[in-house]
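Chains, contacts and geometry: an overview
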Amino acid sequence: MATESQPSGDRTDSISQRHRETAADVIPPNLKLYIGGDWVPSSAGETFETRDPTTGETLATVQAGTREDIDRAVEAAWTAYDETWSDYSAAERQRVLEEIAARVEENREAFARLETLDNGKPISEARIDMELVADHFRYFAGATRVNGGETIPSGDGQHVQTLREPYGVVGQIIPWNFPLLMAAWKLGPALAAGNCSVLKPAEETPLTVLKLMNEIDDVLPDGVVNVVTGFGPDAGEPLAKHPDIRKIAFTGSTEVGKQVMTQAAEHVHDITLELGGKSPLIIYPDADLEKAVATTITAIFYNTGECCSAGSRLFVHSDIKDEFVEALASTAEDLTVDDPLLEETTLGPKVTEEQAERTLEYIEEARDAGADFLAGGDVPDDEALAEGSFVSPTLIDDIDHDNRAVQEEIFGPVQEVFEWTDYDAMIELANDVDYGLAAGIITNDITKAYETAKDVEAGNVWINQYNAFPAGMPFGGYKQSGIGREVGYEALAEHYTQTKTINLALE
Ligand code: ADP
């Protein structure tokens, strides 16, 4: 519920004022393309505006990079690789990554506020993002020291050994839902393994990555990380297709992921794809009701539902369904939908108006199909939020599992509820989507939890919790949710290095 203590006109003004003042404090001075350690305009001289989804106002004007800028960035990255970065020892790379983590920590509040302005996520959640960003850089700082190859038992007078060598230059395309955290997930393992990067932030949320480069300009040798802001087809596609990158890592929608896979095929680039999801959250009848409701709220409403891992399909056992959904709906209705810069806000606006409209279209489709709405199903009834791209926390019941709103990723605060009694039928339905990113299970019976974890088609399974992302936990999808894993040592060793096998004759 919104804060009602002030009339809505006054609240609209105070929200705008708060956002303008915060923007003046936290938007970094350099907002151009970051190539070879310099801040440069786009070759085409084009720019675009990034907007505050809470107020609809322009936050900043940034460069619209194109193919020529990608060419320049890839060239700068190779120069950096050849002339400096490939000479850095693992210990030196470790120190660089530790310093990046320290700079994020020192500026944590400003980073968090900037993320909230650009993305719309509640400030309390943006602060958690920044803790994770620092921790992921620190994790990969340590991982530089354990990135070794193997000695293969071979006999016959041969000594077979593998080296894990960096690719040289990698391309990285990131989304708008966790802008700086996704940059950390990409840059951490790439740099730890000894690669240089050309990174393209999402056009909706370029500011925290640009701030990161402002803060660490003196930490990294020039050209080790290059940032080209711009639109997907103009800057993302030339990056994925570039003949001189050796690997492309992409996080975003499955639809665009398929295009990136085709682009990468042109030069047979190695690829990591972290794509969409439509993840099941399974509640057993023995679940502690209060804890299960809290976990369900986190599963679907954390980050305003803009999580690829969101537990967007709820399967609740028939023995407890009525009681459970009643408690869930009342908790959802009680979420604080308001200005995300306020400490008490638990649900902010969607990242753009276009994304809010997309979510509302799915809601309409469910409504047209005769679904029942346990909560939400509209925009908040609060004049002070009218300029923002808000969608109310929404719970949908009595909907066919084949409905498009159930089968497709909505990427918003919308969950569909299903009741189950027969385990096999429930698992069949839980797996009956094209995606396989994550799943959640809530029960006190550890044997059942483990069996269910094995039965769900998902790359990540949370038991009695949801959306927990400690550094070191490999993350990625089954089926159309992606290829490869991010985070963790696996990301570094298997996705940011290539194996060279050396076979030495001993006789
Ligand atoms: P979302 O569904 O989260 O909006 P997208 O998959 O559209 O995400 O975008 C994720 C990232 O992919 C963004 O950085 C975007 O600019 C980029 N992108 C979009 N279209 C393309 C494309 N055709 N080729 C390469 N990158 C793209």
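Residues numbered from 1 in each chain as written. Predicted model: local features only at pLDDT ≥ 70, side-chain atom pairs only at ≥ 80, totals over all residues. Heavy atoms only, no water.

The name given to the protein chain in an unreviewed UniProt entry is Aldehyde dehydrogenase, with Haloterrigena salina JCM 13891 as the source organism. Of the comments in the UniProt record for the protein chain, the one headed Subunit (unreviewed entry) reads "Homotetramer." (UniProt positions renumbered as here; feature names shortened; annotations may be inferred.)

1. Some points on the UniProt feature "active site" (unreviewed entry) in the protein chain
Sites flagged by UniProt as "active site" (unreviewed entry) map to Glu274. Locating Glu274 in the fold gives a position in strand β11 (residues 270-274). The buried category is assigned to Glu274, whose relative accessible area is 1%. (Helix = DSSP H or I, 4+ residues; strand = E, 2+ residues; numbered from the N terminus. Buried < 20%, exposed > 50% of the residue type's maximum accessible area, 1.4 Å probe, protein only.)

2. Regarding the domain arrangement of the protein chain
Per the domain assignment, the segments of the protein chain are domain 1 (9-275 + 483-500) and domain 2 (280-470). Domain 1 and domain 2 are separated by 29 Å when their C-alpha centres are compared. In this complex, domain 1 contributes 36 residues to the contact, which on the side of domain 2 involves 35 residues. At the boundary of domain 1 with domain 2, total buried surface from both sides reaches about 2800 Å², with 55% on carbon and sulfur atoms. For the domain 1 face of the interface with domain 2, the top three residues by lost area are Arg11, Glu125 and Trp176, together amounting to 19%. The interface formed by domain 1 and domain 2 includes four salt bridges. With its nearest N and O atoms 3.4 Å apart, the salt bridge here joins Asp338 to Arg11. Seen at the junction of domain 1 and domain 2, the total is twelve residue pairs in polar contact (both at pLDDT 80 or more). The set of elements that each furnish at least two residues to the side of domain 1 that touches domain 2 consists of α1 (8-26), α4 (108-119) and α5 (123-143). Ranked by residues supplied to the side of domain 1 that touches domain 2, first place goes to α5 with seven residues. (Domains from an automatic or database assignment. Contact = heavy atoms within 4.5 Å. Buried area = accessible area lost by both parts, 1.4 Å probe. Salt bridge = Lys/Arg side-chain N within 4 Å of Asp/Glu carboxyl O. Polar contact = N/O pair within 3.5 Å; in protein donor to acceptor, adjacent residues only side chain to side chain.)

3. Regarding the site of the ligand
Around the ligand sit 18 residues, and of these Ile174, Trp176, Lys200, Glu203 and Ser253 come closest. In this structure, a nitrogen atom belonging to the ligand sits 3.0 Å away from a side-chain N or O atom of Gln259. Protein contact buries 87% of the 550 Å² of open area that the ligand shows by itself. Taken atom by atom, the bulk of the ligand overlaps the largest pocket. Contributing elements (two or more residues each) for the shell around the ligand: α8 (232-240), β10 (247-251) and α9 (254-265). Ranked by residue count, the leading element in the shell around the ligand is α9, at four residues. (Near = heavy atom within 4 Å. Areas by Shrake-Rupley, 256 points an atom, 1.4 Å probe, with all protein chains shown as cover. 1 Å grid on protein atoms, 1.4 Å probe; cavity = no way out; pocket = protein on both sides within 12 Å on 5 of 7 lines; lining within 4 Å. Sits in = over half its atoms within 2 Å of the grid points.)

4. Focus on the state of the cysteines
Scanning all chains against the criterion turns up zero disulfides. Looking at the unpaired Cys307, the closest cysteine sulfur is the one in Cys308, lying at 7.0 Å. What makes Cys308 buried here is its relative accessible area of 13%. (Disulfide = S-S within 2.5 Å.)

5. Structural notes on the packing of aromatic side chains
The tally for this structure, following the rule as stated, stands at 14 aromatic pairs. Plain terms: the ring middles of Trp78 and Tyr81 are 5.6 Å apart, the flat faces sit at 90° to each other, and that makes the pair edge-to-face. Placement of the pair is Trp78 and Tyr81 together in helix α2 (residues 67-83), with a separation of three residues, close to one helical turn. For the pair formed by Trp78 and Tyr81, the shared burial category is buried. Clustering of aromatic rings is evident, with ring pairs tying together Trp185, Trp462, Tyr466, Phe469 and Phe475. One cation-aromatic arrangement involves Lys211 over Phe111; the distance from NZ or CZ to the ring centre is 5.3 Å. Lys247 extends its terminal NZ or CZ atom over the ring of Tyr496, reaching a point 4.6 Å from the ring centre. (Phe/Tyr/Trp six-rings, centres within 6.5 Å; stacked < 30°, edge-to-face > 60°. Lys NZ or Arg CZ within 6 Å of the ring centre and 35° of its normal.)

6. Some words on the layout of surface pockets
Within this model, the largest pocket holds a volume of roughly 1000 Å³. In this structure, the largest pocket is lined by 39 residues; those nearest its centre are Trp176, Gly252, Ser253, Glu255 and Val256. Elements with a minimum of two residues in the lining of the largest pocket: α8, β10, α9 and α12 (353-368). Counting residues per element, the lining of the largest pocket draws most heavily on α9, at seven residues. Partitioning the lining of the largest pocket into residue classes produces 14 nonpolar, 13 polar and twelve charged. Per-domain counts for the lining of the largest pocket show at least three residues from each of domain 1 (9-275 + 483-500) and domain 2 (280-470). Empty space within the second largest pocket amounts to approximately 310 Å³. Residue lining of the second largest pocket: 17 residues in total, with Arg51, Glu204, Val351, Thr352 and Glu353 positioned closest to the centre. (Points joined across faces, edges and corners; volume = space filled by probe spheres on them. Nonpolar A, V, L, I, M, F, W, Y, C, P; charged D, E, K, R; others polar.)

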